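Reading the structure
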Amino acid sequence: IAAAAVRQGLNVVSINQFAFEDKGTSSGTPYANYVNAPASNGITDGRARFDELIKLIKTKSTSDGMTYEEIPQFMALYCDDLDAIGHNEVAYQDIPLATTEEQRRQNIVDHMALLDAKVGELIQACKDAGIYETTTFILTADHGMANFGIQESEEEDNATTKLPDLMNTIDALGDGFKTEFLHP
């Protein structure tokens, strides 16, 4: 998708979205830049990546020294924090390894609140920059945080998708929110 956007003449930036690295974007390439957000505590997490995107929208520059005449028309950001926390294989940043399913879920919920605040900052930056009304936000996930090892059991609540619950919750918010599930 990034390569297609570049072919159409759009100004593109990818922040840690590895799927676009050298597939439409490359480090230091004007109008098709791939950016590695600066690391904090040795890890480039979602907070740092959102901060990089917000900085770009506010200042038309990125931490790699690239400056832009205008805010890119296509911006991608990769945030795998919830995967790392949900898989619960190792401690993530300041979040300890969960020893119970309840604790694992709470770790996800707590971090999701931090990321939700970052989404709010991003939306406000878009409003302040005058691009909110013409911006489309697309959020995707890969497996709904089913943890490893549970998938074999149809009896376990963790083995089933929570997508219908998520869609119903978002739709119930009102304010023009509407979910759509795109099948392959």
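Scroll up for the structure.
Quick look at the structure, then.

Calculation notes
- Residues numbered from 1 in each chain as written.
- Predicted model: local features only at pLDDT ≥ 70, side-chain atom pairs only at ≥ 80, totals over all residues.
- Heavy atoms only, no water.
- Helix = DSSP H or I, 4+ residues; strand = E, 2+ residues; numbered from the N terminus.
- Contact = heavy atoms within 4.5 Å.
- Phe/Tyr/Trp six-rings, centres within 6.5 Å; stacked < 30°, edge-to-face > 60°.
- Buried < 20%, exposed > 50% of the residue type's maximum accessible area, 1.4 Å probe, protein only.

1. Things to note about the overall build of the protein chain
When helices and strands are counted, the protein chain shows five helices and three strands. Its helices and strands taken in sequence order, the protein chain reads α-β-β-α-β-α-α-α from the N to the C terminus. Partitioning the intrachain contacts of the protein chain with sequence separation of at least 6 by distance along the chain shows that 51% fall at a separation of at least 24.

2. Topic: unusual backbone geometry
The backbone of D22 shows a phi angle near 60°, a positive value even though the residue is not glycine. The topology assignment puts D22 in the loop between β1 (12-15) and β2 (32-35). Not every positive phi belongs to a glycine, and Q93 is a case in point at roughly 50°. Mapped onto the secondary structure, Q93 falls in the loop between α3 (81-87) and α4 (101-128).

3. Description of the packing of aromatic side chains
Overall, the coordinates contain three aromatic pairs when judged by the stated rule. Centre to centre, the rings of F20 and F74 are 6.1 Å apart; their planes meet at 55°, and the pair counts as tilted. Remark: F74 occurs in strand β3 (residues 74-77) and F20 occurs in the loop between β1 and β2; sequence separation between them is 54 residues. Pair check on accessibility: F20 and F74 agree, each one buried. With a centroid separation of 6.3 Å and an interplanar angle of 40°, the aromatic rings of Y132 and F137 are classed as tilted.

4. Regarding the environment of I54
Of note, I54 is situated in helix α2 (residues 46-59). Placed 68 residues apart in sequence, I54 and L122 show a C-alpha to C-alpha distance of 5.7 Å. Excluding residues that lie within four positions of it along the chain, I54 makes contacts with K118, E121, L122 and A125.

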